[in-house]
Amino acid sequence: MADRPYTLLSCCVSIDGYIGSAGSRLLLSNEADFDRVDAVRASCDAILVGAATVRADNPRLLVRSQARRDERAARGLPPSPAKVTVTRRGDLDARADFFRVGDVEKIVYCARPLVPDARRRLGPVATVVDGGASVEMRTIVSDLAARGVERLMVEGGGAVHTQFLSEDLVDELQLVVAPIFVGDSHAPRFVRDGLFPWNASRRAELVEVRQLGDVVLLRYALSSRFEDA
Ligand SMILES: NC(=O)c1ccc[n+]([C@@H]2O[C@H](COP(=O)([O-])OP(=O)(O)OC[C@H]3O[C@@H](n4cnc5c(N)ncnc54)[C@H](OP(=O)(O)O)[C@@H]3O)[C@@H](O)[C@H]2O)c1
């Protein structure tokens, strides 16, 4: 068993590198790309998002297509991947769609001090895992591997992307560029400040460019484990 799942980071950015707006939810991508993302979700065992994304977007994180859900069921899998989130403060609402919808496993990695509180509130709707004094993404991925997750999709937001990328835990990046500007420095960006393994002297490997209507998908191989599916 690998010590961490094959990890694919999927994100849609504006032309100026933002992944949302400062106040309300912003839909950046288009239907063709949402369908592509749905197929990627269907191919994974778990989807991970940061707690701020759960609070800001109230995402369902389910496979939308009935055909894809049926295909998973035929393979003996739950209709959608497990949902995973991470929190320091434990400030998550058990009524959020992350917890409420979908007959799939929900896992919350929580920093140790808030675990008792999180278990009290979220225990009935999720598995709350003690992530240690300060939760490391590396700890999460090895724990997910031990739980049988072989393919993990990371879907935001910027704080989570930054840690996965700077800690070199991503095998594949799927970056979609939407044809809009956000133009507000208070809005969330694809990544925050960090030391990333790819820079002017070590460039990431671009493996595919695909146009889907008015957006473009850029696929990068970020590790030797990259699978050209
Ligand atoms: N365009 C896209 O594809 C896309 C996709 C997803 C999200 N988004 C956008 O991204 C924005 C949110 O991004 P964000 O950067 O603000 O936040 P985020 O990455 O979604 O979540 C950050 C939160 O996750 C928890 N967290 C992160 N690292 C942790 C660690 N090491 N240990 C414990 N907890 C940790 C903390 O939760 P607590 O605060 O609970 O402690 C932290 O505040 C939203 O506006 C959303 O719309 C866009």
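Residues numbered from 1 in each chain as written. Predicted model: local features only at pLDDT ≥ 70, side-chain atom pairs only at ≥ 80, totals over all residues. Heavy atoms only, no water.

A. Here's a closer look at the overall build of the chain. From N to C terminus, the chain includes 7 helices and 9 strands. Taken over C-alpha atoms, the radius of gyration comes to 17 Å for the chain, in line with the 17 Å a tight globule of 229 residues would show. Projecting the C-alpha coordinates of the chain onto the three principal axes gives extents of approximately 45 × 40 × 35 Å. Counting all 229 residues of the chain, 50% fall into the buried class. Across the chain, every contact between residues at least 6 apart in sequence was considered, and the portion connecting residues at least 24 apart equals 70%. Total accessible area on the chain is roughly 11300 Å²; 51% of this is exposed by carbon and sulfur atoms. Between the averaged position of the 31 positive side-chain charges in the chain and that of its 32 negative side-chain charges there is a distance of 4 Å. (Helix = DSSP H or I, 4+ residues; strand = E, 2+ residues; numbered from the N terminus. Rg over C-alpha atoms; globule rule 2.2 N^0.38 Å. Buried < 20%, exposed > 50% of the residue type's maximum accessible area, 1.4 Å probe, protein only. Contact = heavy atoms within 4.5 Å. Areas by Shrake-Rupley, 256 points an atom, 1.4 Å probe, with all protein chains shown as cover. Lys, Arg positive; Asp, Glu negative; His and termini not counted. Charge placed at Lys NZ, Arg CZ, Asp CG, Glu CD.)

B. Structural view of the state of the cysteines. With the rule as written, the count across this model stands at 0 disulfides. Between Cys-11, a free cysteine, and Cys-12, which holds the nearest cysteine sulfur, the sulfur-to-sulfur gap is 6.9 Å. Residue classification places Cys-11 among the buried residues on the basis of a relative accessible area of 9%. (Disulfide = S-S within 2.5 Å.)

C. Expanded view of the nonpolar core. Counting 33 residues, the largest nonpolar core has Leu-9, Tyr-109, Leu-152, Phe-164 and Phe-190 as the members making the most contacts within it. Setting aside residues no more than four positions away along its own chain, Phe-190 makes contact with Leu-9, Cys-11, Val-13, Gly-17, Ile-19, Gly-158, His-161, Leu-165, Leu-173 and Leu-175. Grouped together as the second largest cluster of nonpolar side chains are 21 residues, Val-37, Phe-99, Cys-110 and Ala-126 included. (Core = buried A, V, L, I, M, F, W, Y, C linked by side-chain atoms within 4.5 Å.)

D. Quick look at the site of the ligand. Among the 26 residues in the neighbourhood of the ligand, the closest are listed as Thr-53, Arg-55, Asp-57, Thr-87 and Arg-88. Note that an oxygen atom of the ligand is positioned 2.5 Å from one of the side-chain N or O atoms of Thr-53. With respect to the ligand, the side chain of Arg-192 contributes an N or O atom lying 2.9 Å from an oxygen atom. At the level of secondary structure, the elements contributing two or more residues to the shell around the ligand comprise strand S1 (6-14), helix H2 (51-57), strand S3 (82-87) and helix H7 (158-166). Ranked by the residues each element gives to the shell around the ligand, the list is headed by H2, at 6 residues. A class-by-class count of the residues in the shell around the ligand yields 13 nonpolar, 7 polar and 6 charged. (Near = heavy atom within 4 Å. Polar contact = N/O pair within 3.5 Å; in protein donor to acceptor, adjacent residues only side chain to side chain. Nonpolar A, V, L, I, M, F, W, Y, C, P; charged D, E, K, R; others polar.)

E. Region of interest: helix H1 (residues 31-42). In a regular helix each residue adds 1.5 Å, so 12 residues correspond to 16 Å; H1 covers 16 Å between its end C-alpha atoms and thus fits that length. Those residues of H1 that fall on the buried side of the exposure criterion are Asp-33, Arg-36, Val-37, Asp-38, Val-40, Arg-41 and Ala-42. (Expected span 1.5 Å × (residues − 1).)

F. Structural context of the sheet that holds strand S4 (residues 106-110). The sheet built from 9 strands is open, its strands ordered S5-S4-S3-S2-S6-S1-S7-S9-S8 with mixed pairing. Because the sheet does not close on itself, it has two edges, and the strands there are strand S5 (127-130) and strand S8 (205-212). Strand-to-strand twist of the sheet, defined as the mean angle between neighbouring strand axes without regard to direction, takes the value 20°. The pairing of S1 with strand S7 (residues 172-178) spans 7 bridges and is classified as parallel. Pairing of Cys-12 across the sheet is with Val-176, part of S7. Running at roughly 175° to S5, helix H5 (residues 115-122) makes contact with S4 and S5 of the sheet. Where helix H6 (residues 137-146) meets the sheet, it contacts strand S2 (46-50), S3, S4, S5 and strand S6 (151-154), and its direction lies at approximately 145° from that of S4. (Pairing = 2+ DSSP bridges. Axes fitted to C-alpha atoms, helices over the stretch in contact; angles between N-to-C directions.)

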